[in-house]
Amino acid sequence: MSETEVDLDAEKYEKHREAGRILAEVRDEAAEMVEVGTSHLEVAEWAEERIRELGGQPAFPVNISIDEEAAHATPSIDDDAVFGEEMVNLDIGVCIDGWLADTAVTVDLSGNPELAEASEQALEAALDVVEPGVDTGTIGAEIEDVIKGYGFNPVVNLSGHGLGHWEQHTEPNIPNRAVSQGTTLEVGDVVAIEPFATDGSGKVSEGADEEIFALEREASVRDRNARQALEQITEEFRTLPFATRWLDIARPEMALRRLKMNDIVHGYPVLKEDDGKLVSQKEHTIIVTEDGCEVTTRSR
Ligand code: MN
Ligand code: MN
């Protein structure tokens, strides 16, 4: 093998592919469940359980973002929200021994199918330009062009990313607009590309709600409740994001408040479009190959 050659049959790529196969199936079935009147919690818990049945582990809590929400929303423990005539983004991840797949789809119940189509078509255009040596800015330019062609704006402060071992977001950053960062993709890179389209101005900011957390640093705590939470986090989730409702302890909110106060875990506030406008999202995970890319999360 030459120096630059990468063995795409290596075990880690097989695990990425298996994570992608499970995820494609669960995403498509979960999307079918999204109807006016169905409960958010039912869809999230069904998808997370189905991932486990199929031999994976959820890489992060199922994100269910509604209308102006772009990311990081997941049902709370006793969530009683049901879907209305809204724009619904489902973002789901699967982990196999730390190797990841990440995907998202918009289910439009709001009567704005073009907005959902804009991020779908932007993703297809982005996938078409992927090849070894492509500048990440070229991918961003495709995304921006397609979304603007529909008369919408890309969300510019959200981006695609690399997927590391037990790491949900690594380099390289894949922008959703034409901005060269001097970064190129190479054979063997595993990245998620995720265009977001909006009829607002195209920026998101952190809201007040937080239901998703991740370990920040290893530490010890005296409080018994917080210590139990920390044990589950370090053993089961490691550095991957988790939901309050995943903690098998009596007072999860209190434990998380304490762990946050001590900078042992950090939260992911729900991200919302600045003008309160609708946001759509489409995401696939790919492996860069000699002649383009392999989409691990494509529907079969
Ligand atoms: Mn995602
Ligand atoms: Mn992602």
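Calculation rules
- Residues numbered from 1 in each chain as written.
- Chains lettered and ligands numbered in written order.
- Predicted model: local features only at pLDDT ≥ 70, side-chain atom pairs only at ≥ 80, totals over all residues.
- Heavy atoms only, no water.
- Domains from an automatic or database assignment.
- Contact = heavy atoms within 4.5 Å.
- Buried area = accessible area lost by both parts, 1.4 Å probe.
- Salt bridge = Lys/Arg side-chain N within 4 Å of Asp/Glu carboxyl O.
- Polar contact = N/O pair within 3.5 Å; in protein donor to acceptor, adjacent residues only side chain to side chain.
- Helix = DSSP H or I, 4+ residues; strand = E, 2+ residues; numbered from the N terminus.
- Donors = N, O, S within 2.8 Å, 3.2 Å for Na, K, Ca; no water.
- Buried < 20%, exposed > 50% of the residue type's maximum accessible area, 1.4 Å probe, protein only.
- Core = buried A, V, L, I, M, F, W, Y, C linked by side-chain atoms within 4.5 Å.
- Pairing = 2+ DSSP bridges.
- Axes fitted to C-alpha atoms, helices over the stretch in contact; angles between N-to-C directions.
- Phe/Tyr/Trp six-rings, centres within 6.5 Å; stacked < 30°, edge-to-face > 60°.
- Lys NZ or Arg CZ within 6 Å of the ring centre and 35° of its normal.
- Parallel < 35°, antiparallel > 145°, perpendicular 65-115°, else oblique.
- Left-handed = near helix turned anticlockwise from the far one by under 90°.
- Nonpolar A, V, L, I, M, F, W, Y, C, P; charged D, E, K, R; others polar.

(A) Representation of the domain arrangement of the protein chain within the structure. Annotation of the protein chain at the domain level lists domain 1 (11-207 + 281-295) and domain 2 (212-268). Each of domain 1 and domain 2 has a C-alpha centre, and the two are 26 Å apart. Counting residues at the interface gives 22 residues for domain 1, matched by 14 residues for domain 2. Summing the contributions of domain 1 and of domain 2, the shared interface buries around 1,400 Å²; its carbon and sulfur component is 65%. Between the two partners, domain 1 and domain 2, sit 1 salt bridge. For the salt bridge of Arg245 with Glu48, the shortest nitrogen-to-oxygen distance reads 2.8 Å. Along the contact surface separating domain 1 from domain 2 lie 6 residue pairs in polar contact (both at pLDDT 80 or more). Counting only elements with at least two residues in the side of domain 1 that touches domain 2, the list comes to helix 2 (40-53), strand 1 (57-66) and strand 7 (167-174).

(B) Representation of the coordination of the manganese ion (ligand 2) within the structure. For the manganese ion (ligand 2), the full set of protein donor atoms is Asp102 (OD), His161 (NE2), Glu194 (OE) and Glu283 (OE), and the range of their distances to it is 2.1 to 2.2 Å. Taken as a pair, the manganese ion (ligand 2) and the manganese ion (ligand 1) lie 3.1 Å from each other and share Asp102 as a ligand. Of this pair, His161 sits in strand 6 (residues 160-164) while Glu283 sits in the loop between strand 13 (279-281) and strand 14 (284-289), and the two are 122 residues apart along the sequence. Residue His161 is classed as buried on the basis of its relative accessible area of 3%.

(C) Layout of the nonpolar core. Judged by nonpolar contacts, the single largest core of 23 residues is most densely connected at Ile64, Phe83, Val88, Leu90 and Val94. Where this core is concerned, the elements lending two or more residues are helix 1 (11-33), helix 2, strand 1, strand 3 (87-96) and strand 4 (99-108). Those residues in contact with Ile64 that lie beyond four places of it in its chain are His40, Val43, Ala44, Glu69, Ala73, Pro75, Phe83, Val88, Asn89 and Leu90. Ranked by size, the runner-up nonpolar core spans 22 residues in total, among them Val134, Val191, Ala197 and Val288.

(D) Region of the structure containing the sheet that holds strand 9 (residues 196-198). Strand order across the open sheet formed by 3 strands is 5-9-13, with antiparallel pairing between neighbours. Either end of the sheet is taken by a strand with one partner, and the two such strands are strand 5 (153-154) and strand 13. Pairing of strand 9 with strand 13 involves 3 bridges; the strand directions are antiparallel. The residue bridging Ala197 from the neighbouring strand is Ser280, located in strand 13. Packing of helix 3 (residues 113-129) onto the sheet brings it into contact with strand 9 and strand 13, and relative to strand 13 it is tilted by some 40 degrees.

(E) How the structure looks around the pairing of strand 14. Burial runs high along strand 14: 6 of the 6 residues are buried. Burial along strand 14 is two-sided: His284, Ile286 and Val288 facing one way and Thr285, Ile287 and Thr289 facing the other are all buried. With 4 bridges joining them, strand 14 and strand 15 (residues 292-295) adopt antiparallel strand pairing. Note on strand 15: the bridge partner recorded for Val288 is Cys293.

(F) Main features of the coordination of the manganese ion (ligand 1). The protein atoms donating to the manganese ion (ligand 1) are Asp91 (OD), Asp91 (OD), Asp102 (OD) and Glu283 (OE), with metal-donor distances spanning 2.1 to 2.4 Å. In terms of primary sequence, the donors binding the manganese ion (ligand 1) are separated according to D-x10-D-x180-E.

(G) Fine view of the packing of aromatic side chains. In total, this model carries 3 aromatic pairs according to the counting rule given. Seen from their ring centres, Phe237 and Phe242 are 5.1 Å apart, and the 15 degrees between their planes marks the pair as stacked. Both residues of the pair, Phe237 and Phe242, belong to the buried class. The ring of Trp246 carries the charged tip of Arg52 above its face, separated from the ring centre by 6.0 Å. Over the aromatic face of Trp166 sits the side chain of Arg238, whose NZ or CZ is 4.1 Å from the ring centroid.

(H) Summary view of the pairing of strand 4. Of all 10 residues making up strand 4, 9 are buried, and the element is well covered by its neighbours. Examined bridge by bridge, strand 3 and strand 4 share 10 bridges and lie antiparallel to one another. The residue of strand 4 that forms the bridge with Val88 is Val107.

(I) A look at the packing of helix 1 against helix 2. Relative to each other, helix 1 and helix 2 sit at 155 degrees, their axes nearing to 10 Å. Classed by the angle they form, the pair helix 1 and helix 2 counts as roughly antiparallel. The crossing of helix 1 and helix 2 is right-handed. Counted together, Ile22, Glu25, Val26, Glu29, Ala30 and Met33 of helix 1 and Glu42, Val43, Trp46, Ala47, Arg50 and Ile51 of helix 2 form the full contact between these two elements. Considering only residue class, the contact of helix 1 with helix 2 consists of 8 nonpolar, no polar and 4 charged.

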